[in-house]
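# Fold and geometry: a report
Take a look at the letters that make up each chain.
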Amino acid sequence: MIFDAHCHAWQTWPYDRSVPDRGTRGSIEQLVYEMDSNGVDKALIVCAEIEGNPDNNQYVHEKTKACGDRFVYAVDVDSRWKDSYHSAGAADRLERAVTRWHPVAFTHYLLDDDAEGVWLHSEAGMAFFEVAASHGLIASIHCLPGHQAHIRKLAALFPQLRILIHHLGHPKVIEPETQAEVLASASCDNVYIKVSGFYNGTTQPKWDYPLADVQPVLQGIYRRYGADRLLWGSDYPVCRWFYSHRQAIEIVRHHCRFIPSQDMDKVMGKNLAGIL
């Protein structure tokens, strides 16, 4: 089984308005086509109510109904592009999202400021994550290495909450201190790393596939976390800026040869299937 731990679907392409296929480039139908073409069985869609998609949670909820059990999704609650970001009432908004859309997970994108992680274990943050834990939700979190100390504190306070960190935790190849922060969170058994978004940390041109300079970073994560807490993700359709959906698979499955086959099966899908 190949189970994508991180992809998106949008009714309207939220980035370059000049593209000729803005209405279909990020659609569920396009995602299904790529999955069918490249042998991906299931996917966790990370909703993102960014530009032109204020109702992305509803769009994904409605569109996945026709796809059987092929998709699960993380609803976007109070991410950094929303007016509600870190404002009063976050716990109530999460509760309403669960009631309305019945997700397996929620996603929350922090601002790229290390200080923003403090909110996670503030009084409001605690109430927010208490709701998540009470519903058995998975937390899919966008954060930087500077947020990792806050993630560790959160993970210790909610040991039953599975926390999935986006895109290797965003360490930089040329910044060992950022890698060290991501590695330190391996001490928390409920923190998982999404093996995705290689282009975020590379020193090479982001289209210079297979971005070999990131492999040692992933190898360090693999050694510290073990295979059981790594989850492959395509970051489709965002990855199209740099490489294809097939390459998003093979950058791990083919090029990361330090991961033996029995562990690769876990990374490519068994782990996420087991969590769910």
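Residues numbered from 1 in each chain as written. Predicted model: local features only at pLDDT ≥ 70, side-chain atom pairs only at ≥ 80, totals over all residues. Heavy atoms only, no water.

### Regarding helix H4 (residues 123–134)
Applicable threshold: Strands here mean DSSP runs of E at least two residues long; helices mean DSSP runs of H or I at least four residues long; both are numbered from the N terminus. The span you would expect from a helix comes to 1.5 Å times its residue count less one. Classification of residues uses two cut-offs on accessible area relative to the type maximum, computed with a 1.4 Å probe and protein chains only: under 20% is buried, over 50% is exposed, and between them is partly exposed. Here, residues are in contact when the closest pair of their heavy atoms is within 4.5 Å.
With twelve residues, H4 should cover 16 Å at 1.5 Å per step; its first-to-last C-alpha distance of 17 Å lies within 8% of that length. Within H4, the full set of buried residues consists of Gly125, Met126, Phe128, Phe129, Val131, Ala132 and Ala133. Elements that come into contact with the buried residues of H4 comprise helix H3 (90–101), strand S4 (105–109) and helix H5 (148–157). A positive phi of about 65° marks Gly136, the residue just after H4.

### Some remarks on the nonpolar core
Worth spelling out the cut-off: The definition of a nonpolar core used throughout is a set of buried Ala, Val, Leu, Ile, Met, Phe, Trp, Tyr and Cys residues joined through side-chain atoms within 4.5 Å.
In terms of nonpolar packing, the biggest core is built from 78 residues, with Phe106 and Phe198 touching the most fellow members. Discounting chain neighbours no more than four positions away, the residues touching Phe106 are Ala74, Val75, Val77, Leu94, Phe128, Phe129, Ala132, Leu137, Ile138, Ala139, Ser140 and Ile141. The next biggest cluster of nonpolar side chains, apart from the first, holds twelve residues, and it includes Leu44, Ala74, Leu164 and Tyr192.

### Section: the environment of Ala90
Among the structural elements, Ala90 can be located in helix H3. Here Ala90 falls in the buried class, since its relative accessible area comes to 3%. Sequence separation of Ala90 and Met126 is 36 residues, and the distance between their C-alpha atoms is 10.0 Å. Those residues in contact with Ala90 that lie beyond four places of it in its chain are Asp78, Trp119 and Phe128.

### Examining helix H8 (residues 245–253)
When we look at burial in H8, the residues that qualify are His245, Ala248, Ile249, Glu250, Ile251 and Val252. Tucked into the core, H8 has its buried residues touching helix H1 (28–38), strand S7 (191–195), strand S8 (230–232) and helix H9 (261–275).

### So, unusual backbone geometry
Residue Tyr209 is joined to Pro210 through a cis peptide bond whose omega torsion reads 10°. Residue position: Pro210 is located in the loop between S7 and helix H7 (215–225). Backbone torsion omega between Tyr236 and Pro237 reads 0°, so that peptide bond is classified as cis. Relative to the helices and strands, Pro237 resides in the loop between S8 and H8. For Asp78, which is not glycine, the phi torsion reads 60° and is therefore positive. Even without glycine at this site, His170 takes up a positive phi of about 60°. The buried category is assigned to His170, whose relative accessible area is 10%.

### Some points on the pattern of salt bridges
This is how the line gets drawn: When a carboxyl oxygen of Asp or Glu is within 4 Å of a side-chain nitrogen of Lys or Arg, the pair counts as a salt bridge.
One pass over the full model with this rule turns up twelve salt bridges. The partner of Glu51 in a salt bridge is Arg17, with the nearest N and O atoms 2.6 Å apart. Here Glu51, found in the loop between strand S2 (42–46) and helix H2 (56–64), pairs with Arg17, found in the loop between strand S1 (3–7) and H1; they are 34 residues apart in sequence, far enough to count as distant. Under the relative-accessibility criterion, Arg17 is labelled exposed at 57%. Between Asp69 and Lys42 there is a salt bridge, with the nearest N and O atoms lying 3.3 Å from each other. Here Asp69 is found in the loop between H2 and strand S3 (71–76), whereas its partner Lys42 is found in strand S2, with 27 residues between them in sequence. Here Asp69 falls in the exposed class, since its relative accessible area comes to 60%. By relative accessible area, which is 16% here, Lys42 ends up buried.

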